[in-house]
Amino acid sequence: MSAARPYSISKWEVWNAYEKVKANKGAAGVDEQSIQGFERKLKDNLYKIWNRMSSGSYFPPAVRSVKIDKDGGGKRKLGIPTVSDRIAQMVVKSRLEPVVDPLFVPDSYGYRPGKSAHDAVGQARKRCWDYDWVVDLDIRGFFDNIDHELMNRAARKHAQEKWMVLYIERWLTAPMQEEDGQLIRRDKGTPQGGVVSPLLANLFLHYAFDLWMQRNYPQLQFERYADDVIVHCRTEKQAQEVRAAIARRMQECRLEVHPEKTKIVYCKDEDRRERYAQEKFDFLGYTFRPRSSKSRKGKYFVNFSPAISAKASKAIRRVIRDWKLHLRSDKSLEDLSRMFNPILRGWFQYYGRFYRSGLYPLRSYLNRVLARWATRKYKKLRRHFRRAEQWLLRISRRDPRLFAHWQLGAQRGSAVGAV
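Here the structure is a predicted model, which means the values were calculated and not measured.

Rules and cut-offs
- Residues numbered from 1 in each chain as written.
- Predicted model: local features only at pLDDT ≥ 70, side-chain atom pairs only at ≥ 80, totals over all residues.
- Heavy atoms only, no water.
- Pairing = 2+ DSSP bridges.
- Helix = DSSP H or I, 4+ residues; strand = E, 2+ residues; numbered from the N terminus.
- Axes fitted to C-alpha atoms, helices over the stretch in contact; angles between N-to-C directions.
- Contact = heavy atoms within 4.5 Å.
- Buried < 20%, exposed > 50% of the residue type's maximum accessible area, 1.4 Å probe, protein only.
- Polar contact = N/O pair within 3.5 Å; in protein donor to acceptor, adjacent residues only side chain to side chain.
- Core = buried A, V, L, I, M, F, W, Y, C linked by side-chain atoms within 4.5 Å.

Comments concerning the sheet that holds strand 11 (residues 300-308)
Strand order in this open sheet of three strands is 9-10-11, and the pairing throughout is antiparallel. At either margin of the open sheet sits one strand with a lone partner, and together these are strand 9 (281-283) and strand 11. When strand polarity is set aside, the average angle formed by the axes of neighbouring strands in this sheet is 50 degrees. Strands in contact with helix 11 (residues 310-323) are strand 9, strand 10 (286-294) and strand 11; relative to strand 11, the strand with the most contacts, it is inclined by about 45 degrees.

Structure, rendered in structure tokens:
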């Protein structure tokens, strides 16, 4: 270590961070430099990051503001750092995560090694069978409103090196560049889209929520995936008390519980016959509500279970419409499979983990889209939609692996047709 480079950061750490960022892909930042563009002068670019970080002279550029559609309508703002800045953030994340992650509670699931959204949904399902009531918590604009003073205090408590704290402070206050080029100063929040932001969000809520719940309500259980939180309660009265207490706690941490979106939900099933205004909630793309299920002995009963939410299904249909498959008559069915089946497989693997029959309407929709494509592709099928469906059915039985939703349908004995 020298006076010119007072911070001990190895070149290997920067290289390793670059490989992780490359694997994650991602869009260009304000400098419009892609990963491929960064790699044209890879050695020089990585040396600059290492040299500036180890000397304390690294200052992050502005974050590019991008708006994306939300499942329930409206827009969500993401902040996209440059490729160089993502690598610098990954250096800090790779140092900080092994220190703080072992401290996090087991029921914190979001963006953590060895944990997944499916783990959180599965645990919530089990606990909804044991607890009659749920508080479905919504923290208003969480990522945009994280308090910098409290965030820096938590970072200083655990960051082992001074330079980690220094750069976290700079990332928190880096300006946001809007689509019109305007630079917006930031005095709160950490941008969604940043490499280090999910880890900082978990660290913040570890103190603001997780440990607070363990101290004040050790008898209750919860699942938290980033800022999506489900709290399980025994009675309606207890749920009301917990909701009010959490609202006060969030105010202490300079956050706000959304008064309309935060709900108390009754987990109605075969044995819970009461009526309540709210008997369903959404969590990580799944809707939990009373559903008809079949026991191993063939008996039907009502079960409080998760299946793909209407919001998620609507968002998927919107993406499929944007593909405009009916206009791709120059492509073969195999071409469409190569282009789109990896995406379909991801959807069906994620939403098919629980209550797979919830995907049947989406399966039927996809088959109708493919049948419409076939009527434009082949003259013999024009104006014969039913015949196109039967043609696809024969192909799906012969090669069910061609499309992910055909495999789902094959388990019922039919890959094409109405539900």
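The structure having been displayed, the exposition proceeds.
A closer look at the side chain of Lys268
Within the element layout of this structure, Lys268 appears in the loop between strand 8 (263-266) and strand 9. For Lys268, a relative accessible area of 18% gives the class buried. Lys268 has contacts with Arg273, Glu274, Arg275, Glu279, Pro290 and Phe304, leaving out every residue within four places of it along the chain.

Focus on the sheet that holds strand 8
Taken together, four strands build an open sheet; the order of strands is 6-7-3-8 and the sheet is antiparallel. Looking at the sheet topology across the chains shown, the edges are occupied by strand 6 (221-225) and strand 8. Neighbour-to-neighbour, the strand axes of the sheet open up by a mean angle of 20 degrees, direction not taken into account. Where strand 3 (residues 133-138) lies against strand 7 (residues 228-233), six bridges are found, and the strand directions are antiparallel. Of the residues in strand 7, the one forming a bridge with Val135 is Val231. With respect to the sheet, helix 5 (residues 117-130) is in contact with strand 3, strand 6 and strand 7, its orientation differing from that of strand 6 by roughly 155 degrees. Helix-sheet contacts for helix 9 (residues 197-216) involve strand 3, strand 6 and strand 7, and the interaxial angle to strand 6 is about 170 degrees.

Topic: the environment of Ser357
Position of Ser357 among the secondary structure elements: in the loop between helix 12 (333-351) and helix 13 (360-377). Owing to a relative accessible area of 32%, Ser357 belongs among the partly exposed residues under this scheme. It is 9.4 Å that separates the C-alpha atoms of Ser357 and Ile308, two residues lying 49 residues apart in sequence.

As for helix 7 (residues 148-158)
Along helix 7, the positions that sit buried rather than exposed are His148, Leu150, Met151, Asn152, Ala154, Ala155 and His158. Lining the buried residues of helix 7 we find helix 4 (83-100), helix 8 (162-173) and helix 9. You can read the cap of helix 7 off the contacts: a side-chain oxygen lies 3.1 Å from the backbone nitrogen of Glu149, and it is on Asp147.

Structural notes on the pairing of strand 11
Strand direction decides the pairing type here: strand 10 and strand 11, joined by nine bridges, are antiparallel. Looking across to strand 11, one finds that Arg291 is bridged to Asn303. Hairpin connection between strand 10 and strand 11: a loop of five residues separates the two successive antiparallel strands, and Gly298 in this loop has a positive phi of roughly 90 degrees.

What about the nonpolar core?
Within the largest apolar cluster, 71 residues are counted, with the highest numbers of intra-cluster contacts made by Met53, Ile87, Phe204, Phe209, Val231 and Ile246. No other element matches the ten residues that helix 9 contributes to this core. If we ignore the near neighbours within four places in the chain, the residues touching Ile87 are Val14, Ala17, Tyr18, Val21, Phe38, Leu46 and Ile49. One finds Leu359, Leu381, Trp391 and Trp406 within the second-largest nonpolar core, a separate group that totals 51 residues.

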